[in-house]
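Here are the chains, one letter per residue:
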Amino acid sequence: MADAIEAAPGAGEAAPPPDCLYADDDLLVLAKPSGLLCVPGRGPDKQDCLSARALQHWPDALVVHRLDQATSGIVLMARHATAQRTLGDAFAARQVDKRYEAVVQGPAPAPPAADGTGGGWQAIDLPIAADWERRPLRVIDAAQGKPSLTHWRVIAHDDAAHTTRVELQPVTGRTHQLRVHLAAIGHPILGDALYAPVAVQARSPRLLLHARQVAFTHPRTGQPMAFSCPTPF
């Protein structure tokens, strides 16, 4: 069901180049595998990451946003400070349309769409806060949490596996938002080592969450841009 998890290169071994979906003088559209950090972490064993690999091939590459280490899919990077600022502002203003795909535990309900068929969009509107005693975990917290909104809909049910494939559109961009929201409504993502019960974690060797599509305005030309990356599970 799942693709292979990215393995760190061994000592003296060069990291493979990032999978590039698009490149111009202003930006890069890269595909990150599951298991690879977006930016360096703490310690020598966490220096291999997407941004470091990008810099080996595009020395001007700049971070715009991130995906969780366990999540695969599309990541945008800028190639100069103006593009970085413009793209960062677009993310902050919720002008970037992001679509994810996930496989969750259980038969998630699919209300009728506007045309009367199944698979209509639903909303998860639950505030998310840091769980300071169990960092980096997040929790639903009505008192301290920040407003957090996710739109989601059913793609398909697998009755034999007792799972549901869903499409997700995060409106806000809180840390671990999709993982926390799906777990909160009783449908944790398969392979989620942070928010799923042990039995659900064990159903996949990786987190079955993928950043499948992104649409935005080009930071210099103003032209609409859209990219997709096939879901690998």
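The structure under discussion appears in the preceding block.
In this text the structure is predicted, and so the values were computed from the model without any measurement.

## Here's the deal with the environment of threonine 217
Summarising the element assignment, threonine 217 is placed in strand E11 (residues 209-217). A relative accessible area of 49% places threonine 217 in the partly exposed class. As for threonine 217 and arginine 138, which are separated by 79 residues in sequence, their C-alpha atoms are 31 Å apart. Discounting residues that sit within four places of it in the chain, threonine 217 has contacts with Leu87, Gly222 and Gln223.

## Structural notes on the pattern of salt bridges
Between side chains of opposite charge, pairing is possible as soon as their charged atoms come close. Following the criterion strictly, the structure yields twelve salt bridges and no others. Across the pair arginine 134 and aspartate 131 runs a salt bridge whose closest N-O atoms are separated by 2.7 Å. Under the relative-accessibility criterion, arginine 134 is labelled partly exposed at 48%. Residue aspartate 131 is classed as buried on the basis of its relative accessible area of 14%. A salt bridge links arginine 212 to glutamate 167, with the shortest nitrogen-to-oxygen separation between them at 3.1 Å. Linking arginine 212 in strand E11 with glutamate 167 in strand E10 (residues 163-170), this pair joins segments that are 45 residues apart in sequence. Taken as a pair, arginine 212 and glutamate 167 share a single burial class, namely buried. Three or more residues are tied together by salt bridges with common partners; here these are Asp97, Arg99, Glu101, Arg153, Arg165, Glu167 and Arg212.

## Observations regarding the pairing of E11
Pairing of strand E4 (residues 72-78) with E11, which is carried by two bridges, proceeds in the parallel orientation. Looking at the pairing, glycine 73 lines up with alanine 211 of E11. As judged from the six bridges shared by strand E5 (residues 97-105) and E11, these two strands associate in the antiparallel manner. Of the residues in E11, the one forming a bridge with alanine 102 is leucine 209. As paired strands, E11 and strand E12 (residues 224-228) are joined by five bridges and run antiparallel to one another.

## Remarks on the nonpolar core
Leu30, Tyr100, Trp152, Leu168, Ile189 and Leu209 are the most contacted members of the largest nonpolar core, which has 33 residues in total. At the level of elements, strand E2 (27-32), helix H1 (50-57), E4, E5, strand E9 (149-158), E10, helix H3 (177-184) and E11 are the ones that each hand at least two residues to this core. Ranked by residues supplied to this core, first place goes to E5 with four residues. For leucine 209, the contacting residues outside a window of four places in its chain are Thr71, Ser72, Tyr100, Glu101, Ala102, Leu168, Leu178, Arg179, Ile189 and Phe233.

## Some points on the packing of aromatic side chains
Tallying each qualifying case throughout the model produces two aromatic pairs. Measuring from ring centre to ring centre gives 5.2 Å for tyrosine 22 and phenylalanine 227, while their planes differ by 40°; the resulting arrangement is tilted. Residue tyrosine 22 is found in strand E1 (residues 19-23), and its partner phenylalanine 227 is found in strand E12; the two are separated by 205 residues along the sequence. The exposure class of tyrosine 22 is partly exposed, given its relative accessible area of 27%. Its relative accessible area of 16% is what places phenylalanine 227 among the buried residues.

Conventions adopted
Residues numbered from 1 in each chain as written. Predicted model: local features only at pLDDT ≥ 70, side-chain atom pairs only at ≥ 80, totals over all residues. Heavy atoms only, no water. Helix = DSSP H or I, 4+ residues; strand = E, 2+ residues; numbered from the N terminus. Buried < 20%, exposed > 50% of the residue type's maximum accessible area, 1.4 Å probe, protein only. Contact = heavy atoms within 4.5 Å. Salt bridge = Lys/Arg side-chain N within 4 Å of Asp/Glu carboxyl O. Pairing = 2+ DSSP bridges. Core = buried A, V, L, I, M, F, W, Y, C linked by side-chain atoms within 4.5 Å. Phe/Tyr/Trp six-rings, centres within 6.5 Å; stacked < 30°, edge-to-face > 60°.

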